[in-house]
Amino acid sequence: MSGNIQLSETKAAQVHGQPHAPIGVSSPASAAPGTGTGASNFKKGHSKHPGKPQSSSGIGGGTPFKTMELAPAARRKKRKVSEKKIPEKVAALLPESALYTKLVELESKVDAALYRKKVDIQESVKKPPCAQKILRIYVFNTFANQPDENVECKSSEAPTWTLKIIGNILDDGSVSSSSSMMNQCTSYPKFSSFFKKITINLDQTLYPDNHVILWENSRSSTLHEGFEIKRKGDKEFTAIIKLEMNYVPERYKLSPALSQALGVEVETRSRIMIALWHYVRVKKLQDPNDAAVFSCDPPLRKVFGDEKVKFAVASQKLAQHLSPVQPIHLEHRIKLSGNNPSGNVCYDVLVDIPFPLEKDTSAFLERMEKCREIDEYDNAIVDAIKKINEHCQRRAFFLGFSQSPAEFVGTLIASQDRDLKVVAGDAIRDVEKERQSGFFNQPW
């Protein structure tokens, strides 16, 4: 038996396993007389509503109000700012809006944190964390049609025996019932996934043609819950079973010198380097003048053979002290009389079980993507910002009119007059001249 396995009535093998910004238009009162700020706006509004008649009066007929309503719709597509941001003009009028601005900034930070967590969850789904559990392996055999002196009627069929190797994961160290073993088919990996290779050696004198049975995980397209070997025979013998564990990532057995220094027997290459770094830091062996070099105390001197070693070459020098993990060696006596099935020995092996988080995390990520309540609140905020912008535009319009009615009306009429001239000039535009640079060098 292997040194890692202790046999008893229940034998155990201790093996380390596996805003829209302000939509509002600048107030006509803010523009100096003689300058046209609404030409493009009026042009777009006119092109969208060609059937609406123009009012003959600059003041009456509600023309200013129509202009202010059409302008935001024309400029809205040009805005690239977030729709949740309050315009600076509105923020100057409402000091209380500073609190809302802070909330928006906090929301952006929360969104960024949630996005980072989402990425972490996605990575954890790809590489789920593992927990160590006990894999209990049962080895036994059954027999049939064996010769028995007490039985007078003998069967015409040839005597046979069947060797079975099965296993199940123990929950919290308790023995699993048959019903719980059936439930493990969906909750835990299948039995064969824990092994890279299984070799069974039969008695060569009894089975000279096929005394070695080999199963390899890399050649098997499907996973299995156990293994059965059935043969004809009526003579008892001892079968030798070798189980080579499937470690992901690969694990190695440390040499006696390295194991004595680090206190580790079997581990992955990356964890061995971490253990070495921890040993150097605890023993204060790092060179104060060069952090990339560490000194060797007597235990490490047996491993590296030098007084000082660079961390960059430590991994290469440790490779000669690492060897593949020896397979688990089991022996089972094929008994063809007495109790059927025969065999009351089991073996416990520590394996790594990935947490079944894929379904839960996928559902959580889906809920993060589709949160109707948050979407409804976002839509309500955007609608409120739009209404605030509209009220700000109306306020600017009436405020400009109240401060200087004559100048306001004059500016408005002059602006619309220029707009009409531009609209009327569309029919006689010379597109070819506008493509030449000389056209833009003409005096205003």
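Residues numbered from 1 in each chain as written. Predicted model: local features only at pLDDT ≥ 70, side-chain atom pairs only at ≥ 80, totals over all residues. Heavy atoms only, no water.

Attention now moves to the packing of helix α7 (residues 269–283) against helix α9 (residues 311–318). The contact between α7 and α9 brings their axes to 11 Å, and the two run at 125°. It follows from the interaxial angle that α7 and α9 lie oblique. Seen from above, α7 lies across α9 with right-handed handedness. Contacts between α7 and α9 involve Arg269, Ile272, Met273, Leu276, Trp277 and Val280 on the former and, on the latter, Phe311, Ala314, Ser315 and Leu318. Across the contact of α7 with α9, the residue classes break down as eight nonpolar, one polar and one charged. (Axes fitted to C-alpha atoms, helices over the stretch in contact; angles between N-to-C directions. Helix = DSSP H or I, 4+ residues; strand = E, 2+ residues; numbered from the N terminus. Parallel < 35°, antiparallel > 145°, perpendicular 65-115°, else oblique. Left-handed = near helix turned anticlockwise from the far one by under 90°. Contact = heavy atoms within 4.5 Å. Nonpolar A, V, L, I, M, F, W, Y, C, P; charged D, E, K, R; others polar.)

Let us look at the nonpolar core. Of all hydrophobic cores here, the largest spans 36 residues; its most connected members are Ile137, Trp161, Leu163, Phe195 and Ile200. If you list the elements that add at least two residues to this core, you get β3 (130–144), β4 (160–170), β5 (195–201), β6 (212–216), β7 (226–232), β8 (237–245), β14 (328–334) and β15 (342–354). The element best represented in this core is β8, accounting for five residues. Leaving out residues up to four positions away in the same chain, Ile137 has contacts with Ile165, Ile166, Gly167, Phe191, Phe195, Leu243, Val345, Cys346, Tyr347 and Val349. The next biggest cluster of nonpolar side chains, apart from the first, holds 18 residues, and it includes Val280, Leu300, Phe304 and Leu318. (Core = buried A, V, L, I, M, F, W, Y, C linked by side-chain atoms within 4.5 Å. Buried < 20%, exposed > 50% of the residue type's maximum accessible area, 1.4 Å probe, protein only.)

The subject of this paragraph is the side chain of Thr142. Tracing the backbone through its elements, the reader meets Thr142 in strand β3. We classify Thr142 as buried; its relative accessible area is 19%. Those residues in contact with Thr142 that sit more than four places away from it in its chain are Trp161, Thr162, Lys164, Asn340 and Pro341.

Let us now look at the sheet that holds β6. In space, the four strands of this open sheet follow the order β6-β5-β8-β14, with antiparallel pairing throughout. The two strands at the open ends of the sheet, each matched to only one other strand, are β6 and β14. With strand direction ignored, the average angle separating the axes of adjacent strands in the sheet is 15°. Direction of pairing for β5 relative to β6: antiparallel, over a ladder of five bridges. Bridging across to β6, Ile198 finds its partner in Trp215. (Pairing = 2+ DSSP bridges.)

Examined bridge by bridge, β3 and β15 share 11 bridges and lie antiparallel to one another. Directly across from Arg136, in β15, lies its bridge partner Asp348. Examined bridge by bridge, β3 and β4 share 11 bridges and lie antiparallel to one another. The partner of Phe140 across the bridge, within β4, is Lys164.

Relative to the assigned elements, Tyr279 resides in helix α7. Setting aside chain neighbours within four positions, we find Tyr279 in contact with Ala261, Leu262, Leu285, Asp297, Pro299 and Leu300.

This next bit is on the confidence of the model for the protein chain. Overall, the predicted model of the protein chain reaches an average pLDDT of 76, with 70% of residues at or above 70. The low-confidence segment residues 1–81, where pLDDT is below 50, has 149 contacts with residues more than four positions distant or belonging to other chains. Segment residues 178–182 is flagged for pLDDT under 50; beyond a separation of four residues in sequence, or across chains, it makes two contacts in the model. (pLDDT = per-residue confidence, 0-100.)

Our focus in this paragraph is the pattern of salt bridges. According to the stated counting rule, one finds eight salt bridges in the structure shown. Arg219 is the partner of Glu216 in a salt bridge, and the nearest nitrogen-oxygen pair spans 3.0 Å. For Glu216, a relative accessible area of 18% translates into the label buried. With a closest N to O distance of 2.7 Å, Lys317 and Asp306 form a salt bridge. In this pair, Lys317 is assigned in helix α9 and Asp306 in the loop between α8 (298–304) and β12 (308–310), connecting sequence segments 11 residues apart. (Salt bridge = Lys/Arg side-chain N within 4 Å of Asp/Glu carboxyl O.)

Another aspect to go through is helix α11 (residues 372–403). An α-helical segment advances 3.6 residues per turn. Residues three or four places apart therefore align on the same side. The terminal C-alpha atoms of α11, which comprises 32 residues, lie 46 Å apart, in line with the 46 Å expected from a rise of 1.5 Å per residue. Of all the residues in α11, the buried ones are Asp378, Val382, Ile385, Asn389, Gln393, Phe397 and Gly400. (Expected span 1.5 Å × (residues − 1).)

Attention now goes to the packing of aromatic side chains. Under the definition given, this model contains 13 aromatic pairs. Between Arg269 and the ring centre of Tyr252, over which it is positioned, the NZ or CZ distance is 5.0 Å. (Phe/Tyr/Trp six-rings, centres within 6.5 Å; stacked < 30°, edge-to-face > 60°. Lys NZ or Arg CZ within 6 Å of the ring centre and 35° of its normal.)

Okay, the sheet that holds strand β10 (residues 266–268) next. With antiparallel pairing, the three strands of this open sheet are ordered in space as β10-β9-β13. Since the sheet does not close on itself, it has two edges, and those belong to β10 and β13 (322–324), each with one partner. Along the sheet, successive strands turn relative to each other by an average axial angle of 50°, direction set aside. Bridging between strand β9 (residues 251–254) and β10 involves three bridges; their strand directions are antiparallel.

Here we come to a nonpolar patch on the surface. A grouping of Leu99, Leu103, Leu106, Val110 and Leu114 is seen on the molecular surface, where their side chains present a nonpolar patch of about 470 Å² in accessible area. Looking at the element boundaries, Leu103 is found in helix α4 (residues 97–126). (Patch = residues over 30% accessible without salt bridge, like charges linked within 9 Å, V, L, I, M, F, W, Y side chains within 5 Å. Areas by Shrake-Rupley, 256 points an atom, 1.4 Å probe, with all protein chains shown as cover.)

Here β8 shows one buried face, formed by Phe237, Ala239, Ile241, Leu243 and Met245, and one open face, formed by Thr238, Ile240, Lys242 and Glu244. Sheet topology note: the β5/β8 ladder contains six bridges and is antiparallel. Within the sheet, the bridge partner assigned to Phe195 lies in β8 and is Met245. Here seven bridges tie β8 to β14, and the two strands are oriented antiparallel to one another. The partner of Lys242 across the bridge, within β14, is His329.

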